[in-house]
Structure formats: structure tokens, C-alpha cells
Amino acid sequence: MSLTLPPTVTDRAFARLAEIGAGTQGQALRVAVEGGGCSGFQYEIKLDDPAKDDLVLEKDGEKVIVDTVSLPFLENAVIDFTEELIGARFVINNPNATSSCGCGTSFSM
């Protein structure tokens, strides 16, 4: 896989990071793809420290980071934040996923 379009982050996701004070604590939202889950791959989304080789997407002092191994799986994906009746969470809208699980964190390619 070759990366042509990096993932993008919505203003809503950056705003949520600002609300929780991630940037002021020196933290960034790490979005990673790992093997596992009920569909073959799963997203790991957590606050973390940026690493040297991470792709850093930044706005107004808030950062979203993606490691180099996960980048091809997130090509042209959109990282968003949603608030629904069942709860609030960061979500990945990934055009590369051929199917996904009801949990929203597991997908296949």
C-alpha cells in the first residue's frame, strides 16, 4: 500500500481535544490500527506522547498523531468526534474499510 492522501481531522475532533485539555498537557490523540477485533483490524484511540516518526496533524495547538505502520490503513480517512444518545466518542470514517463491526472500532479491508 502506498499512502497518497493522509487522514484528515474535523474541527469537531480538534475542538473536543481542546475541551479535554490534551494540548495543554502535552498529549496528542493517537489513532492507530492493530490486528485483531471481530473483523480483522481494530482502531486504538488514546491520548499519548508523539513519537519521532509519527505523522502529526495539528490545529490551534491540538494534535492528532498516526504511526507510520497505521498510515496506509488510514489513507483518506476522516477522524471525527460524535455525540450521540448512546455516548460521545472519536470515530474514524475510513473509505478503505470493506466492512465493519457494530462496535465501530473493528473493521476489515
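Thresholds applied
Starting from 1, residues in each chain are numbered consecutively following that chain's sequence as written. Only residues with pLDDT of at least 70 are given local features in this predicted model, and only at 80 or more are side-chain atom pairs given and counted; all residues enter the totals for whole chains, interfaces and linings. Note that the side-chain values use all heavy atoms of the structure and ignore hydrogens as well as water. Helix and strand labels come from DSSP, where a helix needs a run of H or I of at least four residues and a strand needs a run of E of at least two; each type is numbered from the N terminus. When accessible area is computed with a 1.4 Å probe and restricted to protein chains, residues below 20% of their type maximum are described as buried, those above 50% as exposed, and intermediate ones as partly exposed. Note on definitions: a residue-residue contact is assigned when non-hydrogen atoms from the two residues lie within 4.5 Å. Only the protein chains shown count as covering a residue, and every accessible area follows the Shrake-Rupley method with a 1.4 Å probe. Arc definition: directions from the helix axis to the C-beta atoms. If DSSP finds at least two bridges between two strands, the strands pair.

A. Structural view of the overall build of the protein. When helices and strands are counted, the protein shows one helix and nine strands. For the protein, the succession of helices and strands along the chain, N to C, is β-α-β-β-β-β-β-β-β-β. Looking at the protein as a whole, 37% of its 109 residues are labelled buried. Look at the contacts in the protein between residues 6 or more apart in sequence, and 54% of them connect residues 24 or more apart. For the protein, the exposed area adds up to about 6,000 Å²; of that, 50% sits on carbon and sulfur atoms.

B. Molecular detail of helix α1 (residues 11-19). Among the residues of α1, A13, F14 and L17 are the ones counted as buried. The buried residues of α1 all sit within an arc of 100° when viewed along its axis, so they share a single face. For α1, the exposed residues lying more than 90 degrees away from the buried face are D11 and E19.

C. View of the pairing of strand β2 (residues 28-35). By the criterion of burial, β2 is predominantly enclosed, with six of the eight residues buried. Where β2 and strand β3 (residues 41-48) come together, eight bridges link them in antiparallel fashion. Note on β3: the bridge partner recorded for A32 is E44. Relative to strand β5 (residues 62-66), β2 is paired through two bridges, and the arrangement is parallel. Following the sheet pairing, R30 is matched in β5 by I65.

Interpretation note: all reported values are geometric properties and have no functional meaning in isolation.
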